[in-house]
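# Structural overview for review
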Amino acid sequence: MENTGVTVIEHLLLHQKQSPMATGQFTRLLTELIFAAKIISREVNKAGLVDILGLTGDINVQGEQVRKLDDFANRVLIYRMQQAGILCAMASEENADIIEVPDNRPRGDYLLVFDPLDGSSNIDVNVNIGTIFSIMKKTSDRNYVTLEDFLQGGSSQIAAGYFIYGPSTIMVYTTGQGVDGFTLDPSVGEFLLSHPSIKMPEQGKVYSVNESYSCYWDEKVKATVDYFKSPENDRGKPYTARYIGSLVADFHRNLFYGGIFMYPADKKDPAKPHGKLRLLCEAAPLAFIAEQAGGAATDGKGRIMDIKPTALHQRVPLFIGSKKDVEKATHIMSGV
Ligand code: P6P
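Residues numbered from 1 in each chain as written. Predicted model: local features only at pLDDT ≥ 70, side-chain atom pairs only at ≥ 80, totals over all residues. Heavy atoms only, no water.

Moving on to the environment of N95. Within the secondary structure, N95 is located in the loop between β3 (87-92) and β4 (99-100). Sequence separation of N95 and R75 is 20 residues, and the distance between their C-alpha atoms is 11 Å. Polar contacts involving the side chain of N95 include one to the side chain of N74, which spans 2.8 Å. (Helix = DSSP H or I, 4+ residues; strand = E, 2+ residues; numbered from the N terminus. Polar contact = N/O pair within 3.5 Å; in protein donor to acceptor, adjacent residues only side chain to side chain.)

Below, the structure is given as structure tokens:
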């Protein structure tokens, strides 16, 4: 009988028991992360009611206007994770440099990278937004943390996941043993197992890309997107266009319904020749989930999980979703 009354902590402890080397540190880390997400979920769900919408007036490292709610989410995550005593450092999409754990706080060997509130441009209009996270282990034997400790390829991730805040708050995560989803029951404040062993359909019916940038695309990108719009594709009919403009929401839909999300390189912003999305806090964690759910993720040439980062906020083109759709897109993008 599907045991859907399982809380995410029970699920974590079960996994911990099955991992002979487990010390409980990882479970503790996830527990603190989940607590932070519950706080963020509470604020997101009442954002329309309190003066937490709108802009702080600050500009983040990405050059983007910082909205109050993603500033709040960033501060909650940093504070809670510093209390956890499990991390040695963290990196946020909102912060230019790595964030070390203060000397007066206990430390561990884990590294956390996160986008505190992805899709935040949608906050004011009640569109789903999300927190994306990636967990790695410090591998250097230095007794201090440097940027280099974070520049590990996606395959080095210990775990990855996201929280999506919408009609319900759902946590989706993987530790490399498949993908599971948990839905927050606000009446008891617990995430309950709602989507065990998620498998992404091998081929979808949806393509997701911001077509307003087509004037900035090269011929390969145009040919790739045209393939999904064509009645001559492998399906024999055009894919449906869906684009929410919130990566977590677009990804979450394709995880269950199948399909492909594309954010290709384009020429719209010379400062961002490889597209808008960040490798460490967006593409790599979602690629880990996609592959664990039977899907795929490439930069149009090779696996996202194989890319060795050279910078903390490195951006990459992203083609992610159903395996057959991503393989097709990558085939066209490679020009063969
Ligand atoms: P565009 C949100 O700002 C975000 O980082 C992702 O969540 C989303 O997929 C993308 O940017 C949307 O970008 O250029 O289409 O508005």
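Entries for the chain in the domain assignment read domain 1 (8-195) and domain 2 (206-334). If you average the C-alpha positions of domain 1 and of domain 2, the two centres end up 23 Å apart. Contact residues are listed per partner, giving 47 residues for domain 1 and 34 residues for domain 2. Regarding the contact of domain 1 and domain 2, the summed buried area is about 2,900 Å², with carbon and sulfur atoms giving 64% of it. Inspection of the region where domain 1 meets domain 2 yields one salt bridge. Its salt-bridge partner being E93, residue R278 comes within 2.7 Å of it at the nearest N-O pair. (Domains from an automatic or database assignment. Contact = heavy atoms within 4.5 Å. Buried area = accessible area lost by both parts, 1.4 Å probe. Salt bridge = Lys/Arg side-chain N within 4 Å of Asp/Glu carboxyl O.)

Here we take up the sheet that holds β3. Taken together, eight strands build an open sheet; the order of strands is β4-β3-β5-β6-β7-β8-β9-β10 and the sheet is mixed. The sheet is open, and its two borders are formed by β4 and β10 (190-195), each paired with just one other strand. Alignment of strand β7 (residues 159-165) against strand β8 (residues 169-174), held across six bridges, turns out to be antiparallel. By the bridge assignment, G161 is partnered in β8 with Y173. (Pairing = 2+ DSSP bridges.)

Position of R303 relative to the elements: it lies in the loop between β14 (296-298) and β15 (318-321). Look at R303 and you get partly exposed, because its relative accessible area is 34%. Residues R303 and S155, spaced 148 residues apart in sequence, show a C-alpha to C-alpha distance of 9.9 Å. Ignoring anything within four residues of it in the chain, the contact list for R303 reads S155, E291, A297 and T298. Within the local environment of R303, its side chain forms a polar contact with the side chain of E291, the two groups lying 2.6 Å apart. (Buried < 20%, exposed > 50% of the residue type's maximum accessible area, 1.4 Å probe, protein only.)

With that out of the way, let us pick up the nonpolar core. Grouped together as the largest cluster of nonpolar side chains are 43 residues, with contacts concentrated most on L112, L117, F133, I135, F163 and M171. Counting residues per element, this core draws most heavily on helix α2 (residues 25-45), at 10 residues. Among residues more than four places away in sequence, those in contact with L117 are I40, V44, L69, D70, A73, I123, I129, G130, T131 and Y165. (Core = buried A, V, L, I, M, F, W, Y, C linked by side-chain atoms within 4.5 Å.)

Among the 15 residues in the neighbourhood of the ligand, the closest are listed as D118, Y213, Y243, L247 and Y263. Within the side chain of Y243, one N or O atom sits 2.5 Å away from an oxygen atom of the ligand. With respect to the ligand, the backbone of L247 contributes an N or O atom lying 2.7 Å from an oxygen atom. Computed on the free molecule, the ligand has an accessible area of 400 Å², of which 86% lies beneath the protein chains in the complex. (Near = heavy atom within 4 Å. Areas by Shrake-Rupley, 256 points an atom, 1.4 Å probe, with all protein chains shown as cover.)

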